[in-house]
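# Observations on the model geometry
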Amino acid sequence: MRLSRLIQQYKDDSASPYADLSFAVRTRRARLLTRIVREHGNVALPTIRVRALVSWHREWQGDDKVAIAHALISRLRDVFRFGAIFLEDAECARLLAALREMRFEKPKPRLTTMLADHAIAIRKSAHERGWPYLALAQSLQFDLRLNAKQVIGEWVPMSEPGDSDVVMQHPREKQKKKWIRGLRWEDIDQDLVLHRTGSSGQRQREVNLKSMPMVLQELATLVRVSPAAITRADLPKTGPVILCEINAWPYTSAEYRRKWRKVANQAGLPKHIQNSDNSRTDEKNALRRNTPRHAFDF
């Protein structure tokens, strides 16, 4: 069996762990698997030796591509594990055992933290561009320590699991897509407490938005009332919380990343600070505990 055939079976088999991944994760991994097929798909499994795996990794890593090389090796490990367990293939078992014994350089963990000054600067820049929902999204990410997808949600094919009342067909795409997993106004109760079910579908998180200074200010700005006077009645009753200012649909991940980077650059944030740094907590929480509420105004 050639590596390309094994990868195709890994992607197509309904029993494969690949089938249980979220749409976004499958999309990212599919790109990596496509590269492996393009570069080494014609190689027969019995001809792959440890030296070959080492050579592939070195090629992928190049001068300083540790993260991508590690990701590609990890995808190979997934594929061989699938072949060994589900296909009961002896060659896959051999290659999986070899990879388990091999050690590859791992990317260094990101230690950068989003600071309150950074978040304030991004919000200010977003308002200057007329993007109030992006400013609100930034405040939700920072104050609630959420990643972008947990706030803006994601667009997925209709065949993906999950119900949605937000469906559209992009002019340049043939199939309809639905929006899932983002924050909805229905998640906020009469006391301005946000109720969110965790990714496991079981653990529910409750956050009093009145104790989240940036979020409260952005909500008040959005509906044009004073932060001290805002009530649940001032907010929309239903629907996605974050909308693209251009078309009034929820943001796509790509568009949100593009605009967030644009306002971050305009705000003067260093290039190494990324949107994902919103979810890192230690330094940020220490700062917030010692920062008066008025310090979040701009």
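Structure's up top.
Residues numbered from 1 in each chain as written. Predicted model: local features only at pLDDT ≥ 70, side-chain atom pairs only at ≥ 80, totals over all residues. Heavy atoms only, no water.

## Here we look at the packing of aromatic side chains
Tallying each qualifying case throughout the model produces six aromatic pairs. Look at Y10 and Y18: their rings are 5.3 Å apart centre to centre, the planes differ by 55 degrees, and that puts the pair in the tilted class. For Y10, a relative accessible area of 4% puts it in the buried group. Judged by relative accessible area, Y18 falls into the buried class, the value being 7%. Ring plane angle 65 degrees and centroid distance 5.7 Å describe the contact between Y10 and F82, whose orientation is recorded as edge-to-face. Taken as a pair, Y10 in helix 1 (residues 3–12) and F82 in helix 4 (residues 66–85) lie far apart in primary sequence, 72 residues in all. Its end group placed over the ring of W131, K259 keeps NZ or CZ at 4.8 Å from the ring centre. (Phe/Tyr/Trp six-rings, centres within 6.5 Å; stacked < 30°, edge-to-face > 60°. Buried < 20%, exposed > 50% of the residue type's maximum accessible area, 1.4 Å probe, protein only. Helix = DSSP H or I, 4+ residues; strand = E, 2+ residues; numbered from the N terminus. Lys NZ or Arg CZ within 6 Å of the ring centre and 35° of its normal.)

## With respect to helix 4
An α-helical segment advances 3.6 residues per turn. Residues three or four places apart therefore align on the same side. Taking 1.5 Å of rise per residue, the 20 residues of helix 4 would be expected to cover 28 Å, and the 28 Å separating its terminal C-alpha atoms lies within 8% of that figure. Burial of helix 4 is extensive: 14 of the 20 residues sit out of reach of the surface. (Expected span 1.5 Å × (residues − 1).)

## What about helix 10 (residues 253–266)?
In this model helix 10 runs 20 Å from its N-terminal to its C-terminal C-alpha over 14 residues, within 8% of the 20 Å that 1.5 Å per residue would give. The elements touched by buried residues of helix 10 are helix 6 (116–128), helix 7 (132–144) and helix 8 (148–152). (Contact = heavy atoms within 4.5 Å.)

## Notes on the sheet that holds strand 1 (residues 154–157)
Taken together, three strands build an open sheet; the order of strands is 1-3-2 and the sheet is antiparallel. Whereas interior strands pair on both sides, the edge strands pair on one side only; in this sheet they are strand 1 and strand 2 (167–168). Looking at chain direction, strand 1 and strand 3 (residues 177–180) are connected through four bridges and run antiparallel. Of the residues in strand 3, the one forming a bridge with P157 is K177. (Pairing = 2+ DSSP bridges.)

## A few points about the side chain of D187
Checked against the element boundaries, D187 lands in the loop between strand 3 and strand 4 (193–197). Setting aside residues up to four positions removed in sequence, D187 forms contacts with G182, V193, L194, H195 and R196.

## Comments concerning the packing of helix 4 against helix 5 (residues 90–101)
Interhelical geometry of helix 4 versus helix 5 gives an angle of 140 degrees and a closest axis separation of 8 Å. On the basis of the axis angle, helix 4 is oblique to helix 5. As helix 4 packs across helix 5, the resulting crossing turns out to be left-handed. Residue-level contacts link I73, L76, R77, F80, R81, G83 and A84 of helix 4 to C92, A93, L95, L96 and L99 of helix 5. Of the residues that constitute the contact of helix 4 with helix 5, the class distribution is nine nonpolar, one polar and two charged. (Axes fitted to C-alpha atoms, helices over the stretch in contact; angles between N-to-C directions. Parallel < 35°, antiparallel > 145°, perpendicular 65-115°, else oblique. Left-handed = near helix turned anticlockwise from the far one by under 90°. Nonpolar A, V, L, I, M, F, W, Y, C, P; charged D, E, K, R; others polar.)

## Observations regarding unusual backbone geometry
One non-glycine residue, R145, lies in the positive phi region at around 55 degrees. Relative to the helices and strands, R145 resides in the loop between helix 7 and helix 8. Overall, R145 belongs to the partly exposed group, its relative accessible area being 33%. At R224, a residue that is not glycine, the phi angle is positive and equals roughly 60 degrees. As for its placement among the helices and strands, R224 is situated in the loop between helix 9 (213–223) and helix 10. For R224, a relative accessible area of 77% gives the class exposed.

## Brief notes about the pattern of salt bridges
Across all of its chains, the model carries 14 salt bridges by this definition. For R81, the salt bridge is made with D78, and the minimal N-O distance between the two is 3.3 Å. Placement of the pair is R81 and D78 together in helix 4, with a separation of three residues, close to one helical turn. A salt bridge links R184 to E186; the shortest N-O distance between them is 2.8 Å. Judged by its relative accessible area of 17%, R184 is buried. One salt-bridge network, in which partners are shared between bridges, spans R29, R75, D78 and R81. (Salt bridge = Lys/Arg side-chain N within 4 Å of Asp/Glu carboxyl O.)

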